[in-house]
Amino acid sequence: MLKTILAGLRARTARLVLSSIAIALGVAFVTGTLVLGDAVEAQTRDNFARSARNVDAAVHLADNSDNTVMRDGIPADVLQKVRSTQGVAGADSREYASAALLGSDGKARNAAVQPLPSTEKLRDFNLKEGKFPAKADEAAIDVKTAQIAKLKVGDKLKLLDKDNVEHSFSIVGTYQQGASSMSMSGSDHVVVSPEGLRTIVPDQRIYEIVAVAAPGVSQQQLVDNIGKAIGSGYKVQTGEQLTQETLAQVGDAAGEIKTFLLAFAAISLIVAGMVIYNTFTILVAQRTRELALLRCVGAERGQVFRSVLAEALFMGLVASVLGILGGLGVSAGLQALVGTVGGPSGDDVQIRLPISWVTIAAGFGVGVLVTVLSAVLPARRATKVAPVAALRSQPDSHDDVARTGKVRIIVASLIALIGAAGVYFGLQQEKEEPAMFITGGAVMVLLLAVLLVGPLYVPLVNRLFGKALRGVPAKLASANAGRNPKRTAATTAALMIGVTIVAMVTVVAGSGRETMNQQVDKRFPADYEVSSNVWNQPLTQKFADELSKVRNVSQIAPELSAYGESDKLKYGDVTGYPADAIGSLVRPELAGGTLTGLKDNEIILREKEAKEAGLSIGSSLKISDKEFKVVALIKDNSYGAGIVTLPAAQSILKDNAPKGYQKLLVKLAPGTDIAVARADLERVIATSPVAVLNSAAETKAELNSQIDQVLLFIWALVGLALIIALFGIANTLTLSVLERTRESALLRALGLTRGQLRQMLVVESILMALIGAVVGVLLGAGFGWLLVQAISNAEFQISFAIPFGQIGVMLGLAVIAAVIAAALPARRAARNSVVAGMAEA
Amino acid sequence: MSALVSEVGTRTAAAAHNLVKVYGKGDTAVRALDGINVAFEAGRFTAIMGPSGSGKSTLMHCLAGLDTVDGGSIHIGQTEITKLNDKDLTKLRRDRVGFVFQAFNLLPTLTAQQNILLGLELAGRKPDQQWFDTIVNVLGLRDRLHHRPTELSGGQQQRVACARALVARPEVIFADEPTGNLDSRSGAEVLDFLRMSVRKLGQTVIMVTHDPVAASYADRVVLLADGRLAGEIHQPTTESVVNALTHLGA
Ligand SMILES: Nc1ncnc2c1ncn2[C@@H]1O[C@H](COP(=O)(O)OP(=O)(O)O)[C@@H](O)[C@H]1O
Ligand SMILES: [Mg+2]
């Protein structure tokens, strides 16, 4: 029997190679995703280990410290105590201050300034170029910051303090910092000497003291010594504990990414499984006759069955090995991609390929198990028929194209019911996250039901498309796509899953974007908005005055956010505007009362806050001991609890009021040329180091580009699943071509040209791709709508919108991919000689 | 040679001149056709006979433009088809030649009617409704037109194939063992029809067969042996064919 199996393998090389590629791709995808998850985790761990490297003891404020202690940080004398503790070889404080950094374009950006630890071993960054700062006027700069701000070693580094005073440093080096709470925040950062730091921020706020032990002193001994030396109120940890604690946090963060990737691996698994299953079904169906012949010459049913399984096992094993190797490649590729896009530590990405036993097991499990299972069903079917009947059977004859069973319909209906119930439950959820997850899971169950009844509607859709086709080759193609509904349904299913998910995500993201656009329009009746790009560097009154003098500017409204304790409101955060701007430049959606003519002792309150506090128009409340009367209620949530006048906001802030404004709203005279006005405004803007000109259009563009980036990532991942799915189409087509050699020859004999034969296959491929893609788009749009409904609540309204452009691109890509998928099978079919084809059994 | 001479004056539907076809190379090369000279008159029913492996199918495939040749020339009507490229050959088959094969004549996805009209559709020609009706009625396919091949008996399938070959009124119909898979009654029906189409409709039919009974329906039998012409019989009967075959040593 072994000889027969080997001979069989050799004889059907082409078909086997194809199915092996299908298996290998699936395995590659699953292992690639797992390896990627492990790599991301390892990468993050390694990065975090850096901030705790060489640390033998770490001092933090006790977790139960009160607020004022928390605000002031660890007192400076504690550092001295730690340094003089027995067994400490060196200790340094960790602190950072915010300052505005002037880029070479003259624009300020928020930057974190850290002091250079005096103990060399405690520096948690790697020098890249030059040296670390030694003098008070020297600085080293993070490599990423250097790149963004266009600064290099030898340049001057200009930092602005809280009062906009400029401090100049010479850049003497660049460094790379491991991921830490600081570098993860995405802000730029620089390192100066401890004395240099004091010139910018006089007050020190130490959040951590780290120490290295002298030789022979254990971490625990060191911790005990330090604990005794500094007294209570502090948490002293060993370096090991610090590492473990940070790693636990990182583990969680990396775990989230891994969950996402695993969910994705599951989808890829299903897609790959379907392609493999379909390939095997066709393979065995084609061999029915051969298997029957084997039985006629005396092979037992069990022998034939085992031979099919053994073959599947062999293929599964070989393809799994290839797939796992391919998966490592996929993972390396994706890491390189993330590296260029820039992750949490984009400049420091190293390609890692950790191979765990889980990954190997999953790879082989998928490759071998799915393959063998995929072979069992068709093999059982093949061996069940009487040998003589099987010998007579033609491809796609009655017994081959079984009608969609009643059982299938019943099962699908039940699953659909469960899914519908899930969706209903999801829609009832108040909170956004559970609503999203429950509804998301439920629509996947619905998708399963839809896939199950594929053989029912796929022929209908095919006939619908077929009606639009002209010409004999195209009509023949439609007939071919419709001849075996089960096969066509299974082939298109993989693609359908991929497209459904992409379309769903696209619709949800598109709706989110549409909503944001509307909000931007509503929120910005002003033509332009000038804001400070450094949060603690407000725009000055002088600057506002300059701006109001620019030609065509009809009105300027400064904005000031204020927060104070309130007797009635949970959060006393309000936004202040000049009274004459409220109702014109500031136009919230009104729920009652009037906006105009707001006095300094009056407040426009958000409806929800008012309800919660039991307030209505006419009631009064206190913020920062100042009495306000409620004169109007609004629906918008973009002003905090409410709107007050500018003087009122200043009085709420009392001594903490900044010397200026966070934002200036600019209104142009009617009919002003926007381009001219922008040029005029920019001349004034250029005089301020921190001011940035914004506009509604630009805000929209900014928001959209963020959503688009997320979408791009999802498209890239799902794109891989689509490639597998399209490979499935190519596979089915190739096997069909082999199966229909005789028919193709007949058609050629009757006068179908080579070109027409190729055209026929290309059209069939496009038809299958379109069935998958169109049904996928419809499902995705529907599911997207359900998700949007689920996520939306009274608080957060998303209006449903279909991004037709992107979906059009997707359909276009499906057609192009279908043409590519058909290329090889079509070539093969056209190359066959007519006579040879007719002779084929 | 005598065959060629005797045809002078009558119209020739298809002819082969010094036709050579070799399969394989070197030691294993087989000369399937070894210098064949033969002509087929228009409006007649000719059978090609010979022992198995004598080159009957190969000859038919070459004559019909389904296969390339290694020497000599072939004419369909006035056209030398050995000079045509694949595209022109395909057009020639589509427009001027009809086929009936031993089996797998029909596309399983199309109904009987669609199968009958397939050739015309490929050529972009409108079917002549009256002609279509005549053929369908004569062949008794009227109530089978909307069935698919799997719902037809073997004999019905072959009759559909005959109808397809005839409906386009080709210059020549080639049939390769059209009755090979049929029981004797269904076979007789198909052969009757082919003979009728020649006698009454003036069609030209060239049929390959190894069955002396089938050959007896033809006007003339051309005998092949080892890739060469081995004689011919005019107005054959089953007995004369069996006789000739015995002499060939089959
Ligand atoms: N594709 C082929 N490759 C090699 N030899 C072939 C091929 N087709 C036919 N032959 C050989 O050519 C000769 C003629 O075959 P064929 O025309 O099929 O004979 P017939 O139809 O009279 O039985 C035989 O010896 C056969 O083995
Ligand atoms: Mg033959």
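All figures in this text were calculated on a predicted structure; none of them were measured in a lab.

Novice: Please explain the sheet that holds strand β10 (residues 206-213) of chain A as it appears in this structure.
Specialist: Strand pairing in a sheet takes place through backbone hydrogen bonds and is either antiparallel or parallel in direction. Residues and elements named next belong to chain A. Reading across the sheet, the 4 strands line up as β2-β10-β1-β11 and stay open at both edges, with antiparallel pairing between neighbours. Edge positions in the sheet fall to β2 (88-95) and β11 (234-238), since each has one partner strand and no second. If you compare each strand with its neighbour and ignore which way they point, the axes differ by 20° on average. When β2 meets β10, the two strands line up antiparallel, connected through 7 bridges.

Novice: How should the confidence of the model for chain A be read in this particular structure?
Specialist: If pLDDT is low for a region, its predicted coordinates should not be looked at in detail. Residues and elements named next belong to chain A. In this model, chain A carries a mean pLDDT of 78, and residues with pLDDT of at least 70 account for 80%. Segment residues 181-186: pLDDT under 50, and 13 contacts once partners within four positions in sequence are set aside and those in other chains are kept. This model gives residues 395-401 a pLDDT under 50, and the stretch forms 16 contacts once residues within four places in sequence are excluded.

Novice: Looking at this structure, how should I read the pairing of strand β17 (residues 620-623) of chain A?
Specialist: Two faces, one strand: in a regular strand the side chains alternate between the faces of the sheet. Residue and element names in this part refer to chain A. The two faces of β17 differ: L621 and I623 on one face are buried, but S620 and K622 on the other face are not. Bridge analysis of β17 against strand β18 (residues 626-634) gives 4 bridges, and the strand direction is antiparallel. Among the inter-strand pairings, K622 is bridged to a residue of β18, identified as E627.

Novice: Sorry, what's going on with the side chain of D680 of chain A here?
Specialist: Residue and element names in this part refer to chain A. Residue placement: D680 occurs in helix α21 (residues 674-685). Side-chain polar atoms of D680 contact the side chain of R551, separated by 3.0 Å. Side chain to side chain, D680 and R683 meet in a polar contact 2.7 Å long. Beyond its immediate sequence surroundings of up to four residues, D680 is in contact with V550 and R551.

Novice: Can you walk me through the site of ligand 1 in this structure?
Specialist: Residue and element names in this part refer to chain B. Close to ligand 1 lie Y23, V30, A32, P51, S52, G53, S54, G55, K56, S57 and T58, which account for all nearby residues. G53 places a main-chain nitrogen or oxygen 2.8 Å from an oxygen atom of ligand 1. A distance of 2.4 Å separates an oxygen atom of ligand 1 from a polar side-chain atom of T58. Taking 560 Å² as the accessible area of ligand 1 by itself, protein coverage stands at 56%. Of the residues assigned to the shell around ligand 1, the class counts are 4 nonpolar, 6 polar and 1 charged.

Novice: Help me understand a positive patch on the surface, please; the structure alone is not making it clear to me.
Specialist: Residue and element names in this part refer to chain A. Taken together, the side chains of R380, R381, K384 and K486 make up a positively charged region of the molecular surface. In terms of residues, the positive patch owes the most to one element, helix α11 (residues 357-384), which gives 3 residues. If you trace the backbone, R381 turns up in helix α11.

Novice: Looking at this model, I keep getting lost on the nonpolar core. Mind explaining?
Specialist: Soluble globular proteins: nonpolar side chains tend toward being buried together. Counting residues in each nonpolar core, the largest one holds 84 residues, and the members touching the most others are L118 and F174 of chain B. For this core, the two domains that each supply at least three residues are domain 1 (1-52 + 248-396) and domain 3 (454-524 + 696-841) of chain A. Residues in contact with F174 of chain B, not counting those within four places in the same chain, are M60, L63, A64, I76, V97, G98, F99, V100 and I206 of chain B. A47, A214, I233 and L245 of chain B belong to the second-largest nonpolar core, a separate cluster that totals 46 residues.

Novice: Looking at this structure, I do not really get the sheet that holds strand β4 (residues 71-76) of chain B. What am I missing?
Specialist: Residues and elements named next belong to chain B. Overall, antiparallel pairing links the 4 strands, which are arranged β2-β1-β4-β5 in an open sheet. The open sheet has two edge strands, β2 (30-41) and β5 (79-80), and neither has a second partner. Lying over the sheet, helix α2 (residues 56-63) contacts β1 (12-23), β2 and β4, oriented at roughly 120° with respect to β1.

Novice: Explanation requested: the interface of chain B and chain A in the structure shown.
Specialist: Across the contact, 22 residues belong to chain B and 24 residues belong to chain A. Interface area, chain B with chain A, both sides summed: about 2,300 Å², of which 69% is carbon and sulfur. Counting the surface chain B buries against chain A, the share from its top three residues, F104, T109 and L122 of chain B, is 27%. Remark: the boundary between chain B and chain A carries 2 salt bridges. Where D86 of chain B meets R754 of chain A, a salt bridge forms, and the shortest distance between an N and an O atom there is 3.1 Å.

Novice: How should the pattern of salt bridges be read in this particular structure?
Specialist: Where charged atoms from two side chains of opposite charge come close, those side chains can pair. In total, this model carries 33 salt bridges over all chains according to the counting rule given. In this structure, the salt-bridge partner of R483 of chain A is E743 of chain A, at a minimum N-O distance of 2.9 Å. Of the two residues, R483 of chain A sits in helix α16 (residues 472-483) while E743 of chain A sits in helix α23 (residues 741-750), which places them 260 residues apart along the sequence. Of the charged contacts, one joins D34 of chain B and R31 of chain B as a salt bridge, the two residues approaching to 2.9 Å between their closest N and O atoms.

So, how was this worked out
- Residue positions are given per chain, counted from 1 along the sequence in the order it is written.
- Think of it this way: whatever chain is written first is A, whatever ligand is written first is 1, and the rest follow in order.
- The predicted nature of this model means local features are confined to residues of pLDDT at least 70 and side-chain atom pairs, given and counted, to a pLDDT of 80 or more, with totals for whole chains, interfaces and linings taken over all residues.
- Side-chain figures throughout are based on the complete set of non-hydrogen atoms in the structure, without hydrogens or water.
- At least two DSSP bridges between two strands are needed for those strands to be called paired.
- The secondary structure listing takes helices from DSSP runs of H or I that are at least 4 residues long and strands from runs of E that are at least 2 residues long, numbered from the N terminus.
- Here, axes are lines fitted to C-alpha atoms. For helices the fit covers the stretch in contact, and angles between N-to-C directions go from 0 to 180 degrees.
- Per-residue confidence from the predictor is reported as pLDDT, a score between 0 and 100.
- Only heavy atoms matter for contacts: two residues are in contact if any of them lie within 4.5 Å across the pair.
- Any residue under 20% of the maximum accessible area for its type is buried, any over 50% is exposed, and the rest in between are partly exposed; the area is computed with a 1.4 Å probe on protein chains only.
- Any pair of N or O atoms that falls within 3.5 Å is considered a polar contact. Within protein, one atom must be able to donate a hydrogen and the other to accept it, and sequence-neighbouring residues count only if both atoms are side-chain atoms.
- Each residue is tested against the molecule or strand, and it is near if at least one of its non-hydrogen atoms lies within 4 Å.
- Only the protein chains shown count as cover for residues, and all accessible areas are computed by the Shrake-Rupley method using a 1.4 Å probe.
- Under the scheme applied, nonpolar residues are Ala, Val, Leu, Ile, Met, Phe, Trp, Tyr, Cys and Pro; charged residues are Asp, Glu, Lys and Arg; polar residues are all the others, including Gly.
- The patches reported here contain residues having more than 30% relative accessible area and no salt bridge. Joining distances are 9 Å for like charges and 5 Å for nonpolar side chains (Val, Leu, Ile, Met, Phe, Trp, Tyr).
- Salt bridge, as used here: a side-chain nitrogen of Lys or Arg that lies within 4 Å of a carboxyl oxygen of Asp or Glu.
- Charged residues are defined narrowly, with Lys and Arg counted positive, Asp and Glu counted negative, and His plus the chain ends left uncounted.
- In plain terms, the charge of a residue is placed at NZ if it is Lys, CZ if Arg, CG if Asp and CD if Glu.
- In this description, a nonpolar core means a group of buried Ala, Val, Leu, Ile, Met, Phe, Trp, Tyr and Cys residues linked to one another through side-chain atoms lying within 4.5 Å.
- Start and end points for every domain follow an automatic or database-based domain assignment.
- Buried area counts how much accessible surface, traced with a 1.4 Å probe, disappears from two parts once they are put together, with both parts' losses summed.

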